[in-house]
Amino acid sequence: MSMSPFLYTKGVMPLENSMKTPRHFLGLGGVLNQGMAGVTLIYILLGFLGYLKYGEATEGSITLNLPTGEIAAQAVKILIALAVFCTYGLQFYVCLEIGWNSVKGMFTKKPLLSEYAVRTVLVSSSIVLAVAVPTISPFISLIGALCFSILGLIVPAFIEVITFWEKGLGPYRWRLWKNVVVTIFGLMALVFGSYTSIREITKLYTDTPKS
């Protein structure tokens, strides 16, 4: 499995090192590929079915399109809330590790209790921010478009090319051509993602409420 150095260092390595058998994390049939394949297929399926049902009226989250008066729709929303509640700690794992490692030197007497307190504060802060700024989603989309395309695709592609430039780029320089393709996709994600997010932000603050 080929992975960008940035994603591997910041996102994968902390999880891999915490596993009982780290070698089962990577690889073609590893935990990472199996999990991401399942998540990707679910997102594709839900996105396709949601757009097929609601078309241009599809909201940022398909749950916003579900009718509030139906029991099945409410059950779906409850199940999604439970799924987020049970998996949020895992999704926030890397951020928590970075935050705790930067302050753990200040808490030497009760490190375990202090770690739990820091984790609780960080998670609660993110939830409070989401509740306090309900229109934050376009800004999150803009940050995602910028950070994912630049730090997740373009920069790692350049790093890999520079790293293997003297050692060799493989037969027919396949690493070079692979990273060229990745960079093109990264630029497309940067341009189109930023354009869409900026347009949503502009629409959010320029549309006047109808009386």
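Every value quoted in this text rests on a predicted model; they were computed, and no experiment measured them.

J.: Just to check I follow, could you spell out the pattern of salt bridges for this structure?
T.: When charged atoms on two side chains of opposite charge get close, those side chains can pair. Overall, the coordinates contain three salt bridges when judged by the stated rule. Across the salt bridge formed by Glu160 and Arg175, the nearest N and O atoms sit 4.0 Å from each other. In this pair, Glu160 is assigned in helix α6 (residues 137-164) and Arg175 in helix α7 (residues 174-206), connecting sequence segments 15 residues apart. Each member of the pair, Glu160 as well as Arg175, is classed as buried. One salt bridge in this structure joins Lys178 and Glu160, with 2.8 Å as the shortest N-O distance. Highlighted residues: Lys178 in helix α7 and Glu160 in helix α6, separated in sequence by 18 residues. By relative accessible area, Lys178 is classed as partly exposed at 26%. A network of salt bridges, in which partner residues are shared, links Glu160, Arg175 and Lys178.

J.: What's the story with α7 in this structure? I'm lost.
T.: Three or four residues apart is the spacing at which side chains of an α-helix point the same way, because the helix has 3.6 residues per turn. Between its first and last C-alpha, α7 extends 47 Å over 33 residues, near the 48 Å set by a 1.5 Å rise per residue. All of the buried residues in α7 are Arg175, Leu176, Asn179, Thr183, Gly186, Leu190, Ser194, Ser197 and Ile201. Elements that come into contact with the buried residues of α7 comprise α6.

J.: Honestly, the packing of helix α4 (residues 93-103) against helix α5 (residues 111-132) in this entry has me stumped. Any pointers?
T.: A pair of packed helices can be characterised by two numbers: the angle between their axes and the separation between those axes. Interaxial distance between α4 and α5 falls to 10 Å at its minimum, and their mutual angle equals 130 degrees. As summarised for this structure, α4 and α5 are arranged oblique, according to the angle between their axes. When you trace α4 past α5, the crossing you get is right-handed. Facing Leu96, Glu97, Trp100 and Val103 of α4, the residues of α5 in contact are Pro111, Ser114, Glu115, Val118, Arg119, Leu122 and Val123.

J.: Any chance you could explain the packing of aromatic side chains here in plain terms?
T.: Remark: the centre distance and the inter-plane angle together describe each pair of aromatic rings, the angle taken between the planes. Throughout the structure, instances matching the rule amount to one aromatic pair. Their ring planes at 20 degrees and their centres at 6.3 Å tell us that Trp100 and Phe107 sit as a pair that is stacked. If you follow Arg173 out to its NZ or CZ, it ends over the ring of Trp165, 5.9 Å from the centre. Taking NZ or CZ as reference, Arg175 lies 4.1 Å from the ring centre of Phe164, over its face.

J.: Would you mind showing me how to read the confidence of the model for the protein chain here?
T.: Detail in the predicted coordinates should be disregarded across regions flagged by low pLDDT. Per-residue pLDDT for the protein chain has a mean of 79; in total, 87% of the residues score no lower than 70. Ranking the elements of the protein chain by mean pLDDT puts helix α1 (residues 5-17) last, at 53, and α7 first, at 87. Here residues 1-10 is modelled with pLDDT under 50, and outside its nearest four sequence neighbours on either side it reaches 25 contacts, counting other chains as well.

J.: What is the right way to look at the UniProt feature "transmembrane region" (unreviewed entry) in the protein chain in this model?
T.: UniProt records the feature "transmembrane region" (unreviewed entry) at residues 25-51, 71-96, 116-133, 139-164 and 176-195, using the numbering of this structure. In the segment residues 71-96, helix accounts for 96% and strand for 0%; the C-alpha atoms at its two ends are 36 Å apart. Structurally, residues 176-195 comprises 100% helix and 0% strand, and the distance from its first C-alpha atom to its last is 28 Å.

J.: Help me out: how do you make sense of the side chain of Thr63 in this one?
T.: Here Thr63 is to be found in the loop between α2 (31-54) and α3 (71-91). By relative accessible area, Thr63 is classed as buried at 15%. Non-local contacts of Thr63, meaning those with residues more than four positions away in its chain, are made with Lys77 and Ile80.

J.: Looking at this structure, how should I read the environment of Asn65?
T.: With respect to the secondary-structure elements, Asn65 resides in the loop between α2 and α3. It is 8.7 Å that separates the C-alpha atoms of Asn65 and Gly50, two residues lying 15 residues apart in sequence.

J.: Is there a simple way to explain unusual backbone geometry in this structure?
T.: Among all residues except glycine, the phi angle is most often negative; among peptide bonds, the trans geometry is most common. With a phi close to 60 degrees, Tyr172 is a non-glycine residue in the positive phi region. Structurally, Tyr172 can be placed in the loop between α6 and α7. One non-glycine residue, Arg173, lies in the positive phi region at around 55 degrees. On the secondary structure map, Arg173 appears in the loop between α6 and α7. Look at Arg173 and you get partly exposed, because its relative accessible area is 47%.

Rules used throughout
- Residues numbered from 1 in each chain as written.
- Predicted model: local features only at pLDDT ≥ 70, side-chain atom pairs only at ≥ 80, totals over all residues.
- Heavy atoms only, no water.
- Salt bridge = Lys/Arg side-chain N within 4 Å of Asp/Glu carboxyl O.
- Helix = DSSP H or I, 4+ residues; strand = E, 2+ residues; numbered from the N terminus.
- Buried < 20%, exposed > 50% of the residue type's maximum accessible area, 1.4 Å probe, protein only.
- Expected span 1.5 Å × (residues − 1).
- Contact = heavy atoms within 4.5 Å.
- Axes fitted to C-alpha atoms, helices over the stretch in contact; angles between N-to-C directions.
- Parallel < 35°, antiparallel > 145°, perpendicular 65-115°, else oblique.
- Left-handed = near helix turned anticlockwise from the far one by under 90°.
- Phe/Tyr/Trp six-rings, centres within 6.5 Å; stacked < 30°, edge-to-face > 60°.
- Lys NZ or Arg CZ within 6 Å of the ring centre and 35° of its normal.
- pLDDT = per-residue confidence, 0-100.
- UniProt positions renumbered as here; feature names shortened; annotations may be inferred.

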